[in-house]
Amino acid sequence: MHSLVLHPDCAAGPITAVSAHCEPSSGGCRARFRMEGNISAIRIPDPAESARRDNLWKTTCFEIFWQPAGGSYYREFNLSPSSQWACYDFDDFRLNSRDAPVEAISIACRFDDGELVLDADIASQLPIPADVALNAIVEDKDGNIQFWALAFQPGKAEFHSETCRQLHMAGRL
């Protein structure tokens, strides 16, 4: 698991640590995200039918950004504890956003008072080698938002920045 860092402009909150792991699979990738802290103090979307849904990032959610090495194109996945998901392609930094092709996304989430774990199996064509970002958005019950990533560029939290893509996927399966 890779430790994510809290954006320096975010106040401390009920979540004290976030870690994540992602690996390529024969049909896409598998990912695990783990939050530690006072889970009862954050907003967790209610379980829902697994389906594509926009605006998941407005509350507690996890994200993967997958960019082919040396390219400007990238794919963004939003993974909600509700089991809903979104997937977008961009030609370059926030340029020409559109729904990306996905065969299937399976999300399983479990939590207790001190930990939340989300596992995702993603069936989508993902080129390798690639540079990957793993991110988390945490909303507490007072509406405060925290941003977690492998790294941040200076300034406001910007998950679309290449600076966040610190995980390098190499080779073929």
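Notes on the structure follow.

What counts as what
- Residues numbered from 1 in each chain as written.
- Predicted model: local features only at pLDDT ≥ 70, side-chain atom pairs only at ≥ 80, totals over all residues.
- Heavy atoms only, no water.
- Salt bridge = Lys/Arg side-chain N within 4 Å of Asp/Glu carboxyl O.
- Helix = DSSP H or I, 4+ residues; strand = E, 2+ residues; numbered from the N terminus.
- Buried < 20%, exposed > 50% of the residue type's maximum accessible area, 1.4 Å probe, protein only.
- Pairing = 2+ DSSP bridges.
- Polar contact = N/O pair within 3.5 Å; in protein donor to acceptor, adjacent residues only side chain to side chain.
- Contact = heavy atoms within 4.5 Å.
- Phe/Tyr/Trp six-rings, centres within 6.5 Å; stacked < 30°, edge-to-face > 60°.
- Lys NZ or Arg CZ within 6 Å of the ring centre and 35° of its normal.

1. Observations concerning the pattern of salt bridges
So, point 1. Within this structure, the stated rule accounts for ten salt bridges.
So, point 2. Among the salt bridges present, the one from Arg52 reaches Asp99, with a minimum N-O distance of 3.7 Å. Linking Arg52 in the loop between β3 (28-37) and β4 (61-68) with Asp99 in strand β7 (residues 98-99), this pair joins segments that are 47 residues apart in sequence.
So, point 3. Judged by relative accessible area, Arg52 falls into the partly exposed class, the value being 30%.
So, point 4. Between Arg94 and Glu158 there is a salt bridge whose closest N-O contact spans 2.9 Å. In this pair, Arg94 is assigned in the loop between β6 (85-90) and β7 and Glu158 in the loop between β11 (145-149) and β12 (167-169), connecting sequence segments 64 residues apart.
So, point 5. On the basis of relative accessibility, which here comes to 5%, the residue Glu158 falls in the buried class.

2. A look at the pairing of strand β2 (residues 15-25)
So, point 1. Pairing of strand β1 (residues 2-6) with β2 involves three bridges; the strand directions are antiparallel. Within β2, the residue paired with His2 across the bridge is Ala20.
So, point 2. Pairing of β2 with β3, which is carried by ten bridges, proceeds in the antiparallel orientation. Of the residues in β3, the one forming a bridge with His21 is Arg32.

3. Re the side chain of His7
So, point 1. Here His7 shows up in the loop between β1 and β2.
So, point 2. With a relative accessible area of 2%, His7 lands in the buried category.
So, point 3. Looking at His7, its side chain comes within polar contact range of the main-chain oxygen of Gly155, at 2.8 Å.

4. A word on the environment of Thr60
So, point 1. Considering the arrangement of structural elements, one finds Thr60 in the loop between β3 and β4.
So, point 2. Thr60 sits 78 residues away from Val138 along the chain, and the two C-alpha atoms are 4.4 Å apart.
So, point 3. When residues no more than four places from it in sequence are discounted, the contact partners of Thr60 are Met35, Ile42, Arg43, Pro45, Pro81, Ile137, Val138 and Glu139.
So, point 4. Here Arg43 takes part through its backbone oxygen, which lies 2.5 Å from a polar atom of the side chain of Thr60.
So, point 5. A distance of 3.1 Å separates the side chain of Thr60 from the backbone nitrogen of Glu139, its partner in a polar contact.

5. Some thoughts on the packing of aromatic side chains
So, point 1. For the structure shown, the criterion picks out five aromatic pairs.
So, point 2. Ring plane angle 75 degrees and centroid distance 5.9 Å describe the contact between Phe147 and Phe159, whose orientation is recorded as edge-to-face. Taken together, the residues span a long stretch of sequence, with Phe147 in strand β11 and Phe159 in the loop between β11 and β12 at a distance of twelve residues.
So, point 3. An aromatic cluster is present here, built from Phe65, Tyr74 and Phe90 joined pairwise through their rings.
So, point 4. Cation over ring: Arg165 sits above Tyr74, and NZ or CZ is 4.4 Å from the ring centre.

6. Let's talk about the environment of Ala69
So, point 1. Its place among the elements puts Ala69 in the loop between β4 and β5 (74-79).
So, point 2. Classification of Ala69 by relative accessible area gives partly exposed; the value is 41%.
So, point 3. C-alpha separation for the pair Ala69 and Met169, spaced 100 residues apart in sequence, amounts to 8.8 Å.
So, point 4. If we skip the residues at most four places from it in the chain, Ala69 touches Pro129, Ala130 and Asp131.

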